[in-house]
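# Remarks on the overall topology
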Amino acid sequence: MDRNETNNKIEKDPSSFLQRIVEKDLNEGVYSRGICTRFPPEPNGYLHIGSAYAINISYNIAKKYGGEFNLRFDDTNPLKEDKEYVDAIIDDMKWAGFDPKDRIFYGSDYFQQLYDYAMELVKKGKAYVCDLSAEEIRQYRGTLTEPGKNSPYRDRIIDENVDLFTRMKEGEFKTGEKVLRAKIDMKSPNMNLRDPVIYRILHEAHYRQGNQWCIYPMYDYAHPLQDAIEGVTHSLCSIEFKDHRPLYNWTLEELEFNEPPKQREFGRMNLTGVITSKRYLRELVAGGYVDGWDDPRLPTLRGMRRRGYTPESIKHFLGEIGISKDESTVDVSMLEHSVREDLRDTAPSMMAVMNPLKVIIENYPNDQKELLEVQNHPKNPDMGTRNVTFSNTLYIEKDDFMEKPEKGFKRFAPGHEVRLRGAYFIQLTEIIKDDSGEITELRCTYDPETKSGSGFTERKPKATIHWVDANNAISAEARLYDKLIEEEALLKDKTLSWEERINPDSLKVLTEIKMEKALGEAKSEDKFQFIRQGFFTVDNKHTSGEKLIFNRIVPLKDSWKKGKK
RNA sequence: UGGGGUAUAGCCAAGUUGGUAAGGCAGCGGAUUUUGAUUCCGUCAUUCGUAGGUUCAAGUCCUGCUACCCCAGCCA
């Protein structure tokens, strides 16, 4: 029941300007073929939440109108691409619920066709071989406010261009020696139309095509053709490509495609405090500032997956934020809300202590041990129960105790009786401190009558707190951390003590310091300032014998940490 | 006057033949609670970047202005 409601929410379909465009085309019968969209990542990095946003848009349009959705690797630059990334991208898409099935294509597979089309342009006098150097081309291009000027090679005769372009392909020229340019308009106010380079010479092996080619097509030329070849109808991309649209259309028109695909743009999505730029992410990974593309602190799909986000929660989030023509910066609390909403009903709710404070129960027999049966979910008995051990030595969360409670503090303090969740009420008898005045231990008494489930109702504590049995807790604590990073050290820094390494706060500080280094000359500081560390708590750990297994880690609402007034 | 794009609450965002500002997040107040969670109830834009204009009626139409974003890769 609950799940169905959630699913309905996930499926819910906010109206968007893109849908209106598609519907209009459908009504007017613009295409004799079915709707087809595509997601065209360059395999040079891992998918992140921003990629998921883009995928979701195209995927949903295709799905909604009974069309096809293509995954096409936009792999026209041999310098940057690698199979590692194509495999990862496919995996991540499947995990996130955007399975491209058998509709996986590679732009580089069309190199021959792309070359043939280019030759057609050359023969039509619409493209020419240019001998200018990269620097000269830049100078000839003009500036934003000044028009460019024609290349001296612009008026080469067609036969010469055909010859030269053929020889470019044959490998007669060195890397960078010549380029093929579209002949459009050097005076256009749109820089993209000032005779853009459409082919370059690059004597480099391609991860997929090997050494078959030494000329490679540029994005602006290749993309519309790749779309057209695949029968794409709506080529949806982010807003910065808006200015490229005239070139997209120029290419398709010159080559006289019937029912050409149309490019339409949507605004980029940013998240507060989150880096969603492949370039920066790559830098963090390559520089060793994080543990890899799947570091739980990263907004990559893999990182989020390890952090505990479910595909459902990500889709729900994406559905919730909508689409617009303008760039947006969504508050990360919306994302967190989506996980909470999903995990609230599906994740067993367990007790965990991140920052332990020892509690000794003086009137509980030293050699006694008991098993308490605790519900796995506060509202859903179907999720069963588990047994937890209880003894005279426990750990509670440091933040759950205050020696001098602030006004409004409801949890453990001198004179405050609290309930240990699923166990007994306890009261404080003594605070033990070390030489520096740091609280190291609490001495307490428990009331056997208050045992959970006994029906005791005479007193009602203001708060219920989490605890763990110290016998399991130390190792549990270690495992918690180890599991979080899947048995690897998240921080390679062995100089840190074990305790520092499990403390999320020290982790946070360290991350920030490293981040500053990573910043270097990065242009936008605030983008880099924080990888969101957030508050971790374990929300789904199953006990199986003595072992704890953590499946999901959920960011808690801040109010839990802060307490409320 | 280089060109293009966007402006609705702290954030995201509906609003499409002009008819009297959806929803979500965050926040705030309260009730319930063996997680200060969850759940529940209430509250949160006299006004849509701004100044004018048209109209019985404007977020929607017109004009001027302002702010922000994108473009000078042989990257995508």
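This text goes with the structure placed above it.
Read on for an overview of the structure. Note that the coordinates shown come from a computational prediction; the quantities given were computed from them, not determined experimentally. (Residues numbered from 1 in each chain as written. Chains lettered and ligands numbered in written order. Predicted model: local features only at pLDDT ≥ 70, side-chain atom pairs only at ≥ 80, totals over all residues. Heavy atoms only, no water.)

## Let's talk about the pattern of salt bridges
- Applying the stated criterion across every chain, the model contains 31 salt bridges.
- The partner of glutamate 172 in a salt bridge is arginine 167, with the nearest N and O atoms 2.8 Å apart.
- For glutamate 172, a relative accessible area of 49% translates into the label partly exposed.
- Here the salt bridges share partners, and the residues they tie into one network are Lys124, Lys126, Glu254 and Glu256. (Salt bridge = Lys/Arg side-chain N within 4 Å of Asp/Glu carboxyl O. Buried < 20%, exposed > 50% of the residue type's maximum accessible area, 1.4 Å probe, protein only.)

## Details of helix α12 (residues 311-321)
- With eight of its 11 residues buried, α12 lies for the most part within the structure.
- Those residues of α12 that sit buried are Pro311, Ser313, Ile314, His316, Phe317, Leu318, Gly319 and Ile321.
- Backbone geometry just downstream of α12 places glycine 322 in the positive-phi region, at approximately 75 degrees. (Helix = DSSP H or I, 4+ residues; strand = E, 2+ residues; numbered from the N terminus.)

## Section: the packing of aromatic side chains
- Across all of its chains, the model carries 22 aromatic pairs by this definition.
- Both rings, one in tyrosine 364 and one in phenylalanine 390, keep their centres 5.2 Å apart while their planes meet at 75 degrees; by these two values the pair is edge-to-face. In this pair, tyrosine 364 is assigned in the loop between β12 (356-361) and β13 (370-375) and phenylalanine 390 in strand β14 (residues 385-390), connecting sequence segments 26 residues apart. Both residues of the pair, tyrosine 364 and phenylalanine 390, belong to the buried class.
- Summarising the aromatic geometry, the rings of tyrosine 364 and tyrosine 446 are spaced 5.1 Å apart at their centres and angled 65 degrees between planes, so their arrangement reads as edge-to-face. A residue pair is termed long-range when its members are at least 10 positions apart, and tyrosine 364 in the loop between β12 and β13 and tyrosine 446 in strand β18 (residues 439-447) qualify at 82 residues.
- Residue classification places tyrosine 364 among the buried residues on the basis of a relative accessible area of 2%.
- In textbook terms, an aromatic cluster arises when at least three aromatic residues are bridged by ring pairs, as seen for Phe111, Tyr115, Phe165, Tyr199, Trp213, Tyr216 and Tyr221. (Phe/Tyr/Trp six-rings, centres within 6.5 Å; stacked < 30°, edge-to-face > 60°.)

## Examining the nonpolar core
- In terms of nonpolar packing, the biggest core is built from 45 residues, with Met93, Leu271, Ile314 and Phe317 touching the most fellow members.
- Within the residue set of this core, elements represented by two or more residues are α2 (17-28), α3 (49-64), β2 (68-73), α4 (83-96), β10 (269-271), α11 (301-307), α12 and α13 (332-346).
- Once residues lying within four places of it in the same chain are set aside, the contact partners of isoleucine 314 are Ile49, Ala52, Trp95, Leu301, Met304 and Tyr309.
- Counting residues in each nonpolar core, the second largest holds 37 residues, with Met119, Leu193, Trp250 and Leu255 among its members. (Core = buried A, V, L, I, M, F, W, Y, C linked by side-chain atoms within 4.5 Å. Contact = heavy atoms within 4.5 Å.)

## Quick word on the state of the cysteines
- Enumeration according to the criterion identifies zero disulfides in this entry.
- No disulfide involves cysteine 130; its nearest neighbouring cysteine sulfur is the one of cysteine 214, lying 18 Å away.
- A residue is classified by how much of its surface remains accessible, and cysteine 130, at 0% relative accessible area, is buried.
- Unpaired in this structure, cysteine 237 has its nearest cysteine sulfur neighbour in cysteine 36, at a distance of 15 Å.
- Judged by relative accessible area, cysteine 237 falls into the buried class, the value being 9%. (Disulfide = S-S within 2.5 Å.)

## Some points on the side chain of threonine 233
- Tracing the chain through its elements places threonine 233 in the loop between α8 (219-230) and β8 (234-238).
- Here threonine 233 is in contact with Tyr31, Arg33, Gly34, Ile35, Cys36, Pro261 and Lys262, once residues within four sequence places are set aside.

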